[in-house]
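# A structural walkthrough
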Amino acid sequence: MNVWNWLAVGGAAVLALVAVAEIRRRVGTGAPGRRFFRHPTAAPAVFVLAFFVTVALAAPLVTPYQPYLQIDITRLANHAPSAQFPLGTDPFGRDVWSRLVYGARISLGIGALAMLVAVSTGVVVGGVAGYFRHWVDTTLMRLVDVGLAMPRMFMLLMVVALWEHVPLAVLVLLIGLTGWFGTSRLVRAEVLSVREREFVAAARSLGAEPARVIFRHVLPNAAAPIIVSAALGIGNVMLLEAGLSFLGLGVPSPAPSWGNMIADGWPKMAVAPWCATFPGLAISLVVMALNAVGDALRDALDPRRETA
Amino acid sequence: MTEPLLRIRDLKTYFVTEHGSGTARAVDGVSFDLYPGETLGLVGESGCGKTVTSLSVLRLIPEPPGHIRPGSFIEFAGRNLLTLAPRELRAIRGNQIAMIFQEPMTSLNPVFTVGDQIAEAAIVHQRLSRRAARARAIEMLKLVGIPDPAQRVDHYPHQMSGGMRQRVMIAMALVCHPKVLIADEPTTALDVTIQAQILELLERLQAELGMAVMLITHDLGVVAGTADRVVVMYAGQVVEQAPTPELFARPLHPYTDGLLASVPRLDAPPVRARGRLHGIPGQVPAASEWPGGCRFHPRCPYAWDRCRDEEPPLLDASTGEPGTHTVRCWLLTEPQRRTARPLP
């Protein structure tokens, strides 16, 4: 790792700090923003996420090697952390730091995209079920019951096993499409209560069609729990992806993901503990940060806490 | 006489209650007309079916549990609103018939600016561009007397007072220049000075835009100042219907009597002991248990056997043109009984 890489990492950290300060300045003036930052872990969590996202985006600047590059497998495999390899090298002679950074792209990307798929599906299904109620609701919610009753991991393993190398898009879709059941229930419950509010009747009396009423009037007023569940859900999805990759059924090697880095590293735990430890730490750190942000968001967006 | 704009005939809106305690006949055979340009007051206590009647006109009744019985008929511009397809109905809602609601605090969507909400009907019905709709929203805010409309248009409902929000609600309803405006207790949630301002505003807009207003209220004081004609509802039925001056001068139904007597007055202080306001004894029964015979008889000071056994039809009591003053009361056939027992 040369001096430029170190500088870039430092730059990313500074950028993340600036981002936290800026967010704090922008939203800290309102009551929800103050409630958000009152959480002791909220600001550090935002920093951790901002840092990982910046580093992932600027991967070529902060890494000295290509993530796939086997630098010198005979002499530089399982090399301990040093100035040249800050997190050491893995059993195949690849730089762990470089793989970790590029892996962040994949792990964070899959987490965000799969959550997007899950939340959009859940919002549409829950919104439609809650707004139309009756047989629409009954049908959709029984479907959700079925979905929730099936163990997700086994369902995923079963489908993933159909491919030799799962394309990333398919992986994202699979994780997303098996993850919307809880969200849809949450959204449905929220919609059931919002649809009884008077402005919904007012919108209908103005001649707005159901789609307009649902998407413009009902769902924006049900946004808070959706955002919270999404923030908490990304962490879950990342763990799931890591689990699948660890089992060799997620992101296929040699593309780095934090899950398959652990898989590659754990047989050498005794001689090269850094290979599995650092990606494991990264996962824990990011998931904890996401949970902290989710918790803080829940407090910030819950109007019943106005006085707290 | 001119043709009515809105003709309601034998409207029956029932609700099936959850626990099998029977059907709530919230509106049970209501008929009346609304003429172009007039203000019709719809009065009665809470639970008499006023709001359900107004919601039925735009078919905003939650179905189920509610449903409008076949045989009911609401004619607007030559078409029965009750048999229109949803798409045709939406073309009328907000465009030809608009509605303002009781609670200005909860009837505005908290997450959009008032400008967005005023523009909504114009965008839905007239396919205005965003920019044109915004200009229209500013124009409407000015029309309803909100100062600084160009700035207020970007404000959120929580940044406004109750009176201003009600003005915004009115602007929302009137943006397409509807022919009929249904105002469901538009001033109940406001304090008295604001109430007077809002009623004045409605009156001015009605004159400017030439629309008919159906004003729903339980406050006869409001009716006296604004309505041309009054329909009094009790227990899901029309019990009396007359031009406003006639109703106040010659109320014929004991229920109307009672409502009038319970309005506090400055010019005639209550004569009764301890200066208490008059009230009608008892309360409106549940809509699933309307009494037999005349529905008002358990609370009526004049009731006799016939009232318990036989339901009176709407009887014509007009002094001028037939049909202008109608009453659902047997007293009309035996007026001497009215003096038999005075109000308690």
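Residues numbered from 1 in each chain as written. Chains lettered and ligands numbered in written order. Predicted model: local features only at pLDDT ≥ 70, side-chain atom pairs only at ≥ 80, totals over all residues.

## Regarding the overall build of chain B
Each helix and strand in chain B was counted, giving eleven helices and 13 strands. Here chain B has a C-alpha radius of gyration of 21 Å; the compact-globule value for 344 residues is 20 Å, and the two agree. Seen along its three principal axes, the alpha-carbon backbone of chain B occupies a region of about 65 × 45 × 45 Å. Among the 344 residues that make up chain B, the fraction classed as buried is 45%. For chain B, restricting intrachain contacts to residue pairs at least 6 apart in sequence, the fraction spanning at least 24 positions comes to 64%. (Helix = DSSP H or I, 4+ residues; strand = E, 2+ residues; numbered from the N terminus. Rg over C-alpha atoms; globule rule 2.2 N^0.38 Å. Buried ≥ 20, exposed ≤ 12 C-beta atoms within 10 Å, placed from the backbone. Contact = placed C-beta atoms within 7 Å.)

## Considerations on the packing of helix H3 (residues 42–57) of chain A against helix H5 (residues 96–132) of chain A
All names here are of chain A. Two elements in contact, H3 and H5, have axes whose closest approach is 8 Å; the angle formed by their N-to-C orientations is 110°. By the angle class used here, H3 and H5 are roughly perpendicular. Relative to H5, the crossing made by H3 is left-handed. The segment H3 lies against H5, with Phe52, Val53, Val55 and Ala56 engaging Val101, Ala104, Arg105 and Leu108. Taken together, the residues of the contact of H3 with H5 break down into seven nonpolar, no polar and one charged. (Axes fitted to C-alpha atoms, helices over the stretch in contact; angles between N-to-C directions. Parallel < 35°, antiparallel > 145°, perpendicular 65-115°, else oblique. Left-handed = near helix turned anticlockwise from the far one by under 90°. Nonpolar A, V, L, I, M, F, W, Y, C, P; charged D, E, K, R; others polar.)

## Here we look at the sheet that holds strand E11 (residues 237–243) of chain B
All names here are of chain B. Pairing is mixed in the open sheet, where eight strands are placed in the order E7-E8-E9-E3-E10-E11-E13-E12. With one partner strand each, in any of the chains shown, strand E7 (97–100) and strand E12 (315–316) form the two edges of the open sheet. Both strand E10 (residues 229–234) and E11 contribute to a ladder of six bridges, which runs antiparallel. Residue pairing across strands places Val232 opposite Glu240, the latter belonging to E11. Its contacts with the sheet place helix H10 (residues 254–261) against strand E3 (39–43), E10 and E11, and it is angled at close to 105° to E10. (Pairing = 2+ DSSP bridges.)

## Let's talk about the environment of B:Ala98
You can see B:Ala98 is positioned in strand E7. Judged by C-beta crowding, with 28 C-beta atoms within 10 Å, B:Ala98 ranks as buried. Note: C-alpha distance between B:Ala98 and B:Val223 (125 residues apart in sequence) is 20 Å. Leave out the neighbours within four places in its chain, and B:Ala98 touches A:Ser205, B:Ala173, B:Leu174, B:Pro178 and B:Leu181.

## Looking at the confidence of the model for chain A
Confidence in the prediction of chain A, expressed as mean pLDDT, is 81, and 96% of residues score 70 or more. The element-level mean pLDDT for chain A is lowest in helix H4 (residues 59–62) of chain A, coming to 76, with H5(A) highest at 86. (pLDDT = per-residue confidence, 0-100.)

## Overview of the environment of B:Gly94
If you trace the backbone, B:Gly94 turns up in the loop between helix H2 (86–92) and E7. In this structure, the C-alpha to C-alpha distance between B:Gly94 and B:Glu120, residues 26 residues apart in sequence, is 9.8 Å. Apart from the residues within four sequence positions on either side, B:Gly94 is in contact with A:Ser205, A:Leu206, A:Gly207, B:Ala121, B:Val124, B:His125 and B:Cys176.

## A few points about the interface of chain A and chain B
On the side of chain B, 22 residues touch chain A, which itself brings 14 residues to the contact. Ranked by residue count, the leading element in the side of chain A that touches chain B is helix H10 (residues 198–205) of chain A, at six residues. Across the side of chain A that touches chain B, the residue classes tally to six nonpolar, four polar and four charged.

## Quick notes on helix H6 (residues 162–174) of chain B
Because an α-helix packs 3.6 residues into every turn, residues spaced three or four apart end up facing the same way. All names here are of chain B. If you check H6, its first and last C-alpha atoms are 18 Å apart, about what 13 residues at 1.5 Å a residue would give, namely 18 Å. In terms of burial, H6 is a largely internal element, twelve of the 13 residues being buried. Burial in H6 covers these residues: Gly163, Met164, Arg165, Gln166, Arg167, Val168, Met169, Ile170, Ala171, Met172, Ala173 and Leu174. Looking at the buried positions of H6, the neighbouring elements they touch are E7, helix H3 (114–126), helix H4 (130–143), strand E8 (180–184) and helix H7 (192–209). (Expected span 1.5 Å × (residues − 1).)

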